[in-house]
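A closer look at the structure
Each chain is listed here by its residues.
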Amino acid sequence: MTSDINVAGVERWASALGGAALAAYGIRQLKDRSPSGAALTAAGTALIYRGATGHCPMYSAAGINTADSRDDTRTALSGARGVNVQETVTISRPADELYRFWRSFELLPSFMHHLVSVEQLDQCRSHWVAKAPAGRTIEWNAEIINEIPGELIGWRTLDGSEVVSAGSVRFKPAPGGRGTEVRVRLQYDPPGGKLGSTIAWMFGEEPSQTIREDLRRFKRLMETGEIPTTDGQPRGNR
Amino acid sequence: MKAVVWHGTNDVRVERVPDPTILNPRDAIIRVTTTAICGSDLHLLDGFIPTMKAGDILGHEFMGEVVDVGTENTRLKVGDRVVVPFTIACGRCFFCERQLWSLCDNSNPNAWMAEKLYGFSGSGLFGYSHMMGGYAGGQAQFVRVPFADVGPIKISDGLTDEQVLFLSDIFPTGYMAAENCNINPGDTIAVWGCGPVGQMAIKSAFLLGAERVIAIDDVPERLKMAQEQSGAETVNFDDEQVFDRLKDLTGGMGPDACIDAVGLEAHGHTLDSYYDKVKTATMMATDRPNALRQAIHACRKGGVVSIPGVYGGFLDKMPFGAAFAKGLTFKMGQTHVMKYMQPLLDLVQEGAVDPSFVITHRLPIDQAPEAYKTFRDKKNECIKVILKPHGETVH
Ligand SMILES: NC(=O)c1ccc[n+]([C@@H]2O[C@H](COP(=O)([O-])OP(=O)(O)OC[C@H]3O[C@@H](n4cnc5c(N)ncnc54)[C@H](O)[C@@H]3O)[C@@H](O)[C@H]2O)c1
Ligand SMILES: [Zn+2]
Ligand SMILES: [Zn+2]
């Protein structure tokens, strides 16, 4: 929760992945006019010069008992409302490194393809922009409600947001030195009406598949430094 | 550039397509000097592998010269001469770290497709359906190689393309098939299929210490090659009952290990093979596994059935009771090519093996469509075709 943790995090992150490599990756995506590319370049640059944001000192004030509720999103959305999704992946990297990358919310669009950008407003709050149908975007604010450095991040959308959702990501060392089990829980309330359908659209017909693909891209980025693709390769006439 | 493009069952064409470019930091672009057609490509030609799309560039056995590298690729440089493994692997995941390269977790962009069918996905492959990554293949003048800091092996100038090209697939594939047999002194290995993979498996079984190898096929020139090039005994299944003959040749015991180098398009004259033919032709089955059935049936008690031949779906009428009753061990899968490239290159360099003995046809890439059919129909004594994408070159 101190600024020296931030700097250490950036250094570690940069050595594992290469801040420059990430920026380059973003620039390439930018050429492809991908909005996440723009975000990634900005984030990469921001990280290189500014360092990642710190932990939220306020999460206990949000009324969540960190010891008990852990990664239970139901506390945040008061009950098992809406849609619940849970996905797990094992990543061959240390928990600490994965946590630090994820905690740099600006970087999330690099592997969460429905996101356009995430901006850290202060240590607790962040502003999210996601793709919506017909080329539009949808925005909301979120706050961290639970955080154990190196282990857990929990968040929920702020009161008054048009999207009602909560989530958590937990990083647990895997047995036998296999790296880290990353478990994401996501809960969202799809109310009727326009916005309800937007969030349903965002996560598709199979929300767990969307989360699984996000996690898969996260794993690949962290393990290999890139996300495999064939977009832009040659092919014959169709 | 020119490339061999799949358009549908029995429809392979040579077309002009855009040149490939670097897409990821660890990529490289290779100017292909020699490429080959594999028995696996025939499964695509015949429409047995799902998730192909018209316009897909074929080819997974190729080598050439590095002409461009991505920013993070520090292992290769422009001008390097390399052979590229057909499996694409990241080098850093759980599976790569355990030398299970063809099971890499990170190289298939369409892993979800394979997961739907198989539970989990193997590695990406060049030119081998969208389920396996949808990567453009190397039967082309240029090809993009992802994770090119892991797979490609550098080749010195003293060796010809023909001597080293098959490090990309069939030599490691035959070698792994033989290694999987766990060969002990005195062992007899039976090999179904004397195509290029079978030939490499036979040669490798001897290299690994087999006493005898029995080669099974019904194509005379392929049986002849197995005998002349490697010293195998042969069984022509047109003339003989395979099970009876194998039993007779092994003093009544059965072969210690059986290699199925045929795969899902086996043919034959037994009742079960007609049954498979009808069922696959009418879309009621995915594979024609009669060589595999025979291998299981003929294998000695406690033996190994090693399966380099490709299977895709749900296999009908498998004699699993026989496998169980005899306590057989099964080994199979796409080859972990990277594991074998260096040791096998050493064997080639020492002159212990020259895998080019299988080549019967050397053609310019423009003749690929006819070459596919010649190879499939085993016309003109065709056993292995190599293609020259830029015409003849120095190597
Ligand atoms: N595991 C891998 O990584 C890998 C790599 C390369 C090829 N393969 C597979 O290996 C198999 C063989 O490849 P290839 O290039 O040698 O192909 P090929 O088509 O040239 O050879 C197959 C041979 O099997 C013979 N055959 C057919 N039915 C038979 C039967 N019932 N009994 C005995 N022989 C029979 C054919 O006459 C032919 O000679 C294919 O399935 C191919 O996809 C697998
Ligand atoms: Zn092959
Ligand atoms: Zn891997």
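For the structure given in this document, a descriptive report is provided here. All values reported here derive from a predicted model rather than from experimental measurement. (Residues numbered from 1 in each chain as written. Chains lettered and ligands numbered in written order. Predicted model: local features only at pLDDT ≥ 70, side-chain atom pairs only at ≥ 80, totals over all residues. Heavy atoms only, no water.)

Here the focus is a nonpolar patch on the surface. Residues and elements named next belong to chain B. On the surface, L117, Y118 and F314 cluster together to form a nonpolar patch covering roughly 330 Å² of accessible area. Following the sequence through the fold, L117 ends up in helix α3 (residues 111–118). Its relative accessible area of 36% is what places L117 among the partly exposed residues. (Patch = residues over 30% accessible without salt bridge, like charges linked within 9 Å, V, L, I, M, F, W, Y side chains within 5 Å. Areas by Shrake-Rupley, 256 points an atom, 1.4 Å probe, with all protein chains shown as cover. Salt bridge = Lys/Arg side-chain N within 4 Å of Asp/Glu carboxyl O. Helix = DSSP H or I, 4+ residues; strand = E, 2+ residues; numbered from the N terminus. Buried < 20%, exposed > 50% of the residue type's maximum accessible area, 1.4 Å probe, protein only.)

Let's shift gears to the sheet that holds strand β15 (residues 304–307) of chain B. All names here are of chain B. In space, the six strands of this open sheet follow the order β13-β12-β11-β14-β15-β16, with parallel pairing throughout. Edge positions in the sheet fall to β13 (233–236) and β16 (329–332), since each has one partner strand and no second. Strand-to-strand twist in this sheet, taken as the mean axis angle between neighbours without regard to direction, amounts to 20 degrees. Running at roughly 170 degrees to strand β12 (residues 212–217), helix α7 (residues 220–230) makes contact with β12 and β13 of the sheet. (Pairing = 2+ DSSP bridges. Axes fitted to C-alpha atoms, helices over the stretch in contact; angles between N-to-C directions. Contact = heavy atoms within 4.5 Å.)

All names here are of chain B. Around the zinc ion (ligand 3), the donor atoms from the protein are C90 (SG), C93 (SG), C96 (SG) and C104 (SG), and they sit 2.3 to 2.5 Å away. One can describe the site at the zinc ion (ligand 3) as tetrahedral: its four donor atoms subtend angles covering 103 to 116 degrees at the metal. In primary-sequence terms, the residues that donate to the zinc ion (ligand 3) follow C-x2-C-x2-C-x7-C. You can see C90 sitting in the loop between β7 (87–88) and α2 (94–97) and its partner C104 sitting in the loop between α2 and α3, a full 14 residues away along the chain. Here C90 matches C104 in class, with each residue buried. (Donors = N, O, S within 2.8 Å, 3.2 Å for Na, K, Ca; no water. Tetrahedral: all angles 85-135°; square planar, octahedral: opposite > 155°, others 65-115°.)

The next thing to look at is the coordination of the zinc ion (ligand 2). Ideal coordination angles are 109.5 degrees for a metal with four donors arranged tetrahedrally and 90 or 180 degrees for a metal with six donors arranged octahedrally. All names here are of chain B. Distances from the zinc ion (ligand 2) to its protein donors, namely C38 (SG), H60 (NE2) and D169 (OD), fall within the range 1.8 to 2.2 Å. All donors to the zinc ion (ligand 2) come from one chain, and their sequence spacing reads C-x21-H-x108-D. Of this pair, C38 sits in the loop between β3 (28–37) and α1 (39–45) while D169 sits in the loop between α4 (161–164) and α5 (170–179); the two residues are 131 residues apart in sequence, bridging distant segments of the chain. Considered together, C38 and D169 belong to a single accessibility category, that of buried residues.

Another point: the sheet that holds strand β5 (residues 152–157) of chain A. Paired through backbone hydrogen bonds, the strands of a sheet run either parallel or antiparallel to each other. Residue and element names in this part refer to chain A. The strand order across the open sheet formed by seven strands is β1-β7-β6-β5-β4-β3-β2, and the pairing between neighbours is antiparallel. Two strands lie at the open edges of the sheet, namely β1 (83–91) and β2 (115–120), each paired on one side alone. Neighbour-to-neighbour, the strand axes of this sheet turn through a mean angle of 20 degrees, independent of strand direction. Sheet analysis places β1 next to strand β7 (residues 180–188), joined by nine bridges and oriented antiparallel. What sits directly across from V89, in β7, is V182. Helix α8 (residues 207–224) rests against β1, β6 (165–173) and β7 of the sheet, and its axis sits at about 25 degrees to β1.

Attention now moves to the site of ligand 1. All names here are of chain B. Close to ligand 1 lie 33 residues; S40, H43, D217, H267 and P308 are nearest. At a separation of 2.8 Å, a nitrogen atom of ligand 1 approaches a polar backbone atom of P308. Here T335 contributes a backbone N or O atom positioned 2.9 Å from an oxygen atom of ligand 1. For ligand 1, the accessible surface in isolation is 860 Å², of which the surrounding protein chains cover 97%. Within the residue set of the shell around ligand 1, elements represented by two or more residues are α1, α6 (196–207) and β12. Looking at the shell around ligand 1 element by element, the count peaks at four residues for α1. Considering only residue class, the shell around ligand 1 consists of 15 nonpolar, 13 polar and five charged. (Near = heavy atom within 4 Å. Polar contact = N/O pair within 3.5 Å; in protein donor to acceptor, adjacent residues only side chain to side chain. Nonpolar A, V, L, I, M, F, W, Y, C, P; charged D, E, K, R; others polar.)

Spatial relationships are all this shows, so hold off on functional conclusions.
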